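# Per-entry structural report
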Amino acid sequence: MKFDLLATDPGSSARAGLLHTAHGVIETPIFMPVGTAGSVKAVHQRELEQDIQAQIILGNTYHLYLRPGLGVLEKAGGLHRFNGWSKPILTDSGGYQVYSLAANRKITADGATFKSHIDGSRHHFTPENVMDIQRTIGADIIMAFDECTPYPCEYAYAKKSLDITHQWLKRCVDRMQTTEPKYGYDQALFPIVQGSVYKDLRERSAEFIAAQNQPGNAIGGLSVGEPHEDMYAMTSLVCAILPADKPRYLMGVGTPENILECIALGVDMFDCVMPTRNARNGMLFTADGIINIKNERWKEDLSPIDATLGGYVSSFYSKAYLRHLMINKEILGAQIATIHNLTFYLWLVKEARKKIQEGTFAAWKNDMVKRVRERR
């Protein structure tokens, strides 16, 4: 995997680059739709590629390990062949899901033991077997196994957790270096910076992660309820330490406003369930702000959902029609809303990239932040 840094914005730390993977080149900054169980909810792969113009999607180790299971995925030849997605895939290591199972898991220096949310069966994740699982899934980008700390989090716990995350990372790196990809193409490991909202822990973690000299780096633990000001402060701190010649991925972030602000701080890659989850509840993101499509005001509005984006569903369907579908709980409504929201997110990062290359990102970002957070 190779990263080419093509342009930086003179008024901020925003960057435009190209990330070369075995399944294609990714233009950064980029947003990655979340396909937790091998599927971006309510979206066909053809729509992801042609309408939304996604360049990379996510899968999740925890969920895919439980269902359909590694046997099925290996027989298929990996997730790309199983779900028909030909472009790059990144897999989350499952650390966040194990974190979310607080009542049903135990973390030790060796790894994490947890109960399946499906049937209560017990399982054990270690840095080594999580690398093996992601190899079998067939991801282009494999995430290190880490512990994601909650917010708020006591300093002593955050420090202890960070020590474990760093110990696990060494084992992840060793495992990747001593094993081969299953399907004949390169797979890259991204370590994850942790440390909660404590400046000294974040600095120590960023320096440790940078020293591992892996193809890319991630920033974790900053979408767990902390104030946005803390998110931005920690992201800025970490981006100043992580190497400039490698991609930076801020995990689980976030709103359109969060993405724009963090692009300005030097982040290249983002993912979040917000555009898909909120779409199914009727919240639409547009170039002119946030819409609750179920509101009465859209009942007779026959204008396109958002013609600015240029996407098929955003230009073809009217607000009134989509409202009608959502009010009547028609499945098509959730599909249209999901495709629209993802189209918006991909449009947003594409516009950001264009402005970075033009050298006008900072002023454009300040204007767009005001627009995208407005509720209409």
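Residues numbered from 1 in each chain as written. Predicted model: local features only at pLDDT ≥ 70, side-chain atom pairs only at ≥ 80, totals over all residues. Heavy atoms only, no water.

Looking now at the sheet that holds strand 1 (residues 2–8). Strand order in the open sheet formed by three strands is 1-2-3, and the pairing between neighbours is antiparallel. Two strands bound the open sheet, and with one partner strand each, they are strand 1 and strand 3 (24–28). Strand-to-strand, the axes of this sheet are offset by a mean angle of 15°, without reference to chain direction. Pairing of strand 1 with strand 2 (residues 15–21), which is carried by six bridges, proceeds in the antiparallel orientation. Residue pairing in the sheet places Lys2 in a bridge with His20 of strand 2. (Pairing = 2+ DSSP bridges. Helix = DSSP H or I, 4+ residues; strand = E, 2+ residues; numbered from the N terminus. Axes fitted to C-alpha atoms, helices over the stretch in contact; angles between N-to-C directions.)

Enumeration over the complete set of coordinates arrives at zero disulfides. Considering cysteine sulfurs only, Cys262 is the nearest to Cys239, which forms no disulfide, with 7.8 Å between them. (Disulfide = S-S within 2.5 Å.)

Following both chains from N to C, one finds helix 14 (residues 331–358) and helix 15 (residues 361–372) inclined at 155°, their axes separated by 9 Å at the closest point. What the angle tells us is that helix 14 and helix 15 run roughly antiparallel. When the axes of helix 14 and helix 15 are compared, the crossing they make is right-handed. Between helix 14, through Phe344, Trp347, Leu348, Glu351, Ala352, Lys355 and Ile356, and helix 15, the contact on the second element is made entirely by Phe361, Trp364, Met368 and Val372. Partitioned by chemical class, the residues of the contact of helix 14 with helix 15 number nine nonpolar, no polar and two charged. (Parallel < 35°, antiparallel > 145°, perpendicular 65-115°, else oblique. Left-handed = near helix turned anticlockwise from the far one by under 90°. Contact = heavy atoms within 4.5 Å. Nonpolar A, V, L, I, M, F, W, Y, C, P; charged D, E, K, R; others polar.)

Next up on the list: the environment of Asp301. Take Asp301: it is sitting in the loop between strand 17 (289–292) and helix 12 (312–316). For the pair formed by Asp301 and Gly120, sequence separation is 181 residues and the distance between their alpha carbons is 48 Å. Leaving out residues up to four positions away in the same chain, Asp301 has contacts with Ser318, Lys319 and Ala320.

Residue position: Val313 is located in helix 12. Its relative accessible area of 5% is what places Val313 among the buried residues. For the pair Val313 and His23, spaced 290 residues apart in sequence, the C-alpha to C-alpha distance is 27 Å. Leaving out residues up to four positions away in the same chain, Val313 has contacts with Ile305, Ile336, Ile339 and His340. (Buried < 20%, exposed > 50% of the residue type's maximum accessible area, 1.4 Å probe, protein only.)

With that out of the way, let us pick up the packing of helix 13 (residues 319–327) against helix 14. Contact pair helix 13 / helix 14: the axes reach a minimum separation of 7 Å and the direction vectors enclose 130°. In this view, helix 13 runs oblique relative to helix 14, as classed from their interaxial angle. In this structure, helix 13 crosses over helix 14, and the sense of that crossing is left-handed. Two secondary-structure elements touch here, helix 13 through Tyr321, Leu322, Leu325 and Met326 and helix 14 through Leu332, Gly333, Ala334, Ile336 and Ala337. Each residue belonging to the contact of helix 13 with helix 14 can be placed in one class, and the counts come to eight nonpolar, one polar and no charged.

Next up on the list: the nonpolar core. By size, the foremost hydrophobic cluster in this structure holds 108 residues, and its most contacted members are Phe31, Leu90, Met143, Tyr249, Ile263 and Met269. Among the elements that make up this core, the one with the highest residue count is helix 14 (twelve residues). (Core = buried A, V, L, I, M, F, W, Y, C linked by side-chain atoms within 4.5 Å.)

Tallied over the full model, the rule gives one cavity of 30 Å³ or more. Approximately 50 Å³ is the volume found for the largest cavity. Gly95, Val98, Ile107, Asp146 and Glu147 are the residues nearest the centre of the largest cavity, which is lined by ten residues in total. Considering each element in turn, the lining of the largest cavity owes the most residues, three residues, to helix 5 (residues 95–100). Taken together, the residues that form the lining of the largest cavity break down as seven nonpolar, one polar and two charged. (1 Å grid on protein atoms, 1.4 Å probe; cavity = no way out; pocket = protein on both sides within 12 Å on 5 of 7 lines; lining within 4 Å. Points joined across faces, edges and corners; volume = space filled by probe spheres on them.)

Moving on: helix 15. Taking 1.5 Å per residue as the helical rise, helix 15 with its twelve residues ought to reach 16 Å, and the 15 Å between its terminal C-alpha atoms agrees with that figure. Looking at the buried residues of helix 15, the elements they touch are helix 10 (256–265), strand 16 (283–286), strand 17 and helix 14. (Expected span 1.5 Å × (residues − 1).)

The next subject is the layout of surface pockets. Estimates place the volume of the largest pocket at around 730 Å³. Residue lining of the largest pocket: 33 residues in total, with Val34, Tyr96, Gln97, Asp271 and Val273 positioned closest to the centre. In terms of residue count, the dominant contributor to the lining of the largest pocket is helix 11 (residues 274–280) (five residues). Residue classes in the lining of the largest pocket are distributed as twelve nonpolar, 15 polar and six charged. Here the second largest pocket is characterised by a volume of approximately 240 Å³. Among the elements of the structure, helix 1 (45–52) and helix 14 are those that each provide at least two residues to the lining of the second largest pocket. Here the element with the most residues in the lining of the second largest pocket is helix 14; it accounts for seven residues.

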